[in-house]
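The chain contents come next:
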Amino acid sequence: MRYIVFLFIAAFLISCSTESTSPFFEVDSDGSLKLSSPDGDNTITFLLDDGIPYYAVDRGEMAIITNSRLGFELQDMEDLKDGFVIESYNFNQHDETWEQVWGEKQLIRDHHNEMRIHLKEEFGLERDLFIVFRAFDDGIGFRYEFPDQPNLQEFNIVDEFTEFTLTADHKAWWIGAYQWNRYEYLTRTSYVSEIDTVITPLTMRTDEGLYLSFHEAALVDYSTMTLERTDGLTLYSNIQPWHDGVRVRAKTPFVTPWRTLQIAENPGDLITSYLILNLNEPNKIEDTSWIEPAKYVGIWWEMHLDKSTWGSGERHGATTENAKRYIDFAAEHGIPHVLVEGWNIGWDGEWYADGVVFDFTEPYPDFDLHGVAQYALDKGVRLMGHHETSASVEHYESQMHEAYQLYEDLGVRAVKTGYVGHGQEIFWTDEDGNRNYEWHHGQHMVRHHQKVVELAAQHKILLNVHEGVKDTGLRRTWPNLMTREVARGQEYNAWGWGEEGVWDGNGNPPNHVLLLPFTRNLSGPFDYTPGIVDLLFEEYRPEHRVNHTLAKELALYVVIYSPLHMAADLPQNYKERLDAFQFIKDVPTDWYDTKVLHASVGEYVTIVRKDRNSNDWYLGSITDEEAREFSILLDFLDEGVSYTAQIYRDSDDADWVSNPYGFVVEEVDVKAGDEFLIKLAPGGGMAVRFMAVE
Ligand code: NOJ
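Bear in mind the structure is a predicted one, so any value in this text is a computation, not a measurement.

Caption draft 1: Representation of the pairing of strand β12 (residues 154–160) within the structure. Burial runs high along β12: six of the seven residues are buried. Of the strand pairs in this sheet, strand β7 (residues 72–74) and β12 are connected by three bridges, and their pairing is antiparallel. Pairing of L74 across the sheet is with I157, part of β12. As paired strands, β12 and strand β21 (residues 248–251) are joined by four bridges and run antiparallel to one another. Bridge pairing in β21 places E154 opposite K251.

Caption draft 2: Region of interest: the sheet that holds strand β31 (residues 481–484). Pairing is parallel across the open sheet formed by seven strands, whose spatial order is β31-β30-β27-β26-β25-β24-β32. The sheet is open, and its two edges are formed by β31 and β32 (564–566), each paired on a single side. The average undirected angle you get between the axes of adjacent strands in this sheet is 30°. The pairing of strand β24 (residues 294–299) with strand β25 (residues 337–340) spans four bridges and is parallel. Counterpart to V297 in the pairing with β25 is V338.

Caption draft 3: Representation of the domain arrangement of the protein chain. Considered domain by domain, the protein chain is made up of domain 1 (7–278), domain 2 (283–486) and domain 3 (488–562 + 571–694). Using C-alpha coordinates to define each centre, domain 1 is positioned 35 Å away from domain 3. Carbon and sulfur atoms supply 61% of the area buried between domain 1 and domain 3, which totals about 2,600 Å² over both sides. Among the residues domain 1 hides against domain 3, the three largest losses belong to E104, L186 and I271. Together they make up 26% of the total. At the junction of domain 1 with domain 3, the criterion picks out 14 residue pairs in polar contact (both at pLDDT 80 or more). Elements that contribute at least two residues to the side of domain 1 that touches domain 3 include exactly β18 (211–217) and α1 (267–271). Here the side of domain 1 that touches domain 3 takes four residues from α1, the largest share from any one element. Residues of the side of domain 1 that touches domain 3, tallied by class, amount to 14 nonpolar, ten polar and five charged.

Caption draft 4: Layout of the sheet that holds strand β35 (residues 617–623). An order of β33-β34-β35-β40-β37-β38 is seen for the six strands of this open sheet, with the pairing classed as antiparallel. The sheet is open, and its two edges are formed by β33 (591–600) and β38 (663–671), each paired on a single side. This sheet shows a mean twist of 15° between the axes of neighbouring strands, independent of strand direction. By the bridge criterion, eight bridges tie strand β37 (residues 642–650) to strand β40 (residues 685–693) in an arrangement that is antiparallel. Within the sheet, the bridge partner assigned to I647 lies in β40 and is V688. Helix-sheet contacts for helix α10 (residues 550–559) involve β34 (604–611), β35, β37, β38 and β40, and the interaxial angle to β35 is about 125°.

Caption draft 5: Spotlight on unusual backbone geometry. Along the chain, T200 connects to P201 via a cis peptide bond; the corresponding omega equals 0°. By the secondary structure assignment, P201 is in the loop between β16 (197–198) and β17 (202–205). Of note, the amide linkage connecting T252 to P253 takes the cis form, showing an omega dihedral of -5°. On the secondary structure map, P253 appears in the loop between β21 and β22 (254–255). With phi around 60°, A218 is a residue other than glycine that occupies positive phi space. One can find A218 in the loop between β18 and β19 (225–229). On the accessibility criterion, A218 (15% relative accessible area) is buried.

Cut-offs used in this document
The residue count restarts for each chain, going from 1 along the sequence in the order it is written. Two thresholds apply to this predicted model, a pLDDT of at least 70 for residue-level local features and 80 or more for giving and counting side-chain atom pairs, whereas whole-chain, interface and lining totals are computed over all residues. In computing side-chain values, all of the structure's heavy atoms are included and hydrogens and water are not. Think of it in three bands: with a 1.4 Å probe and only protein chains considered, a residue is buried below 20% of the maximum accessible area for its type, exposed above 50%, and partly exposed in between. By the criteria applied, helices consist of DSSP H or I runs no shorter than four residues and strands consist of E runs no shorter than two, each listed in order from the N terminus. Strand pairing is assigned whenever DSSP detects at least two bridges linking the two strands. Each axis is a line fitted through C-alpha atoms, taken for helices only over the stretch in contact, and angles between the N-to-C directions span 0 to 180 degrees. The source of the domain bounds is an automatic or database domain assignment. In this description, buried area is defined as the sum, over both parts, of the accessible area (probe of 1.4 Å) that is lost when the two are combined. Under this definition, polar contacts are N or O atom pairs within 3.5 Å; protein pairs additionally need one hydrogen-donor-capable and one acceptor-capable atom, and for neighbouring residues in sequence, both atoms have to be side-chain atoms. Gly is placed with the polar residues, together with every amino acid not listed as nonpolar (Ala, Val, Leu, Ile, Met, Phe, Trp, Tyr, Cys and Pro) or charged (Asp, Glu, Lys and Arg). Should any heavy atoms of two residues lie within 4.5 Å, those residues are counted as being in contact.

This is how it looks when you write it as structure tokens:
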């Protein structure tokens, strides 16, 4: 589809001595600088108090963040935290609509106002530091910029002082940081006053019903930010350190990621906020014709069920014969990629303990890599590659150039990577032969992932990253960085445990996927791997199951966005559930538009998305353990088009505990503006394809 880019950028340079010329930017009598969003609702105030920088954020009359500190502690050097004067500032307005290569919405408007403040130390080293603030209608972002200068060249940040001081004890949804299992935890709910150090996105609800989500954007060469409650209601940017306590190694010119705060009147507006993407750099890949969102199947769930093994032997999953079976199935049903895990040498024994066992170019003898790849191409599908590194990054880096070349030669277009290993287990060897252990989410790993995404782009390979770093919108700049796991996905339903104080059953509780859209998924696409139709898999792991209904499982394809979505179940299970499988086949992974019809964090959500390549709309609605009914208006459908609604719903007697397979498929004719009933069973859902009738 052709698109129109509308671009309006106006820059007003306002020097310290002139009066403001814009209603969006003001200099107060006390010298503080005030920037507001295009709709005027969000205001950022910057001030120097005795040479120390502070900022505050208001929404209308309501203070959201009160005076909060900014600045840095540096190693073996004067800190950059006080003694500043404002050297200059300027104000810019920006209104641009840009096109995503793929995504939840094709055209995204980046409409913001910006103030760029040049600080200079008054005495001593007289170093320069810029702080750039952007005010959007859906929140704010700011970052620090360190220009090249004689007194600041290479430097180490040992602390970032950025604070977020809240004005009330909001309800928060969070996951603790610095845990052994990285980001793979259930979301907890409490008041801010009860949290310690948490990962982002951190989402909150104020008593007035405003929703806030703290995160970061454009994490390219920095460590990830966690938020630590220091005292009272102040959250401080606790940056994940290197092994030696340094948090960030830098060299000017240098910029930090954007610190972001999304602000919404209702939780659905957090989902349709594109602020994180707007704060990332535009696409750097010139030819994107090879970047195609898609679905995949694979030799995967069977290992998680312990039906087969990653390691070699009688139960080896990745055999030539088994791979061909999946390829046949994919070809028959129009699914473009087939993932094969356990194909390469290294899976025997305790592979998760140390990834140096892996060979990324050598298949097991019972897997004819070249033959299988060719078999797939002949059938019009492609193998999806798999690199499990077990967090032995140094080892992986020593082989990855050949490994990506091999995959390119074989016609592989997408690779799933994995970094299984405890939180702080990533090592690199220094000149003295010492192993230095790094966190999964520190700068060492951020740099590693950046290397991989650029290497993959050179080989025209799409990435699906597991156990990586949280998403901060880099997919805009590198659209081959398709999706990530970095959270508790479907696999926990096969073998996972509960969590004390949250859920005492096995696997993911029914409300898990009702929390993800408002927390983890605000950061970007999630390779959750939906599509399990044999929900109870009693034959393999009778003590586990998927904790919701079949219709809810289908709805996840719409609710959870991923440009690579898996049809995760075994082909034989799909053959027995062709009714449900039809929706999995039909649902796209690339959208023209996305709307949230209603939402309540952890309780229910209904999302509709329009296919990017047709006039079809899709709906996904899910609930927690409570049954719910909503009467909605189909006012999102295109006017003047007739639709057949193909409805995949819970039967009237469905219930996630007693009757998870209670499922009905039916069709009705509808048009824009019609009323439509969504009826969800306890732990249930509904998936609908509104098929445009030409
Ligand atoms: C963990 C990943 O999340 C999962 O998808 C994969 O199958 C295993 N690691 C093995 O790589």
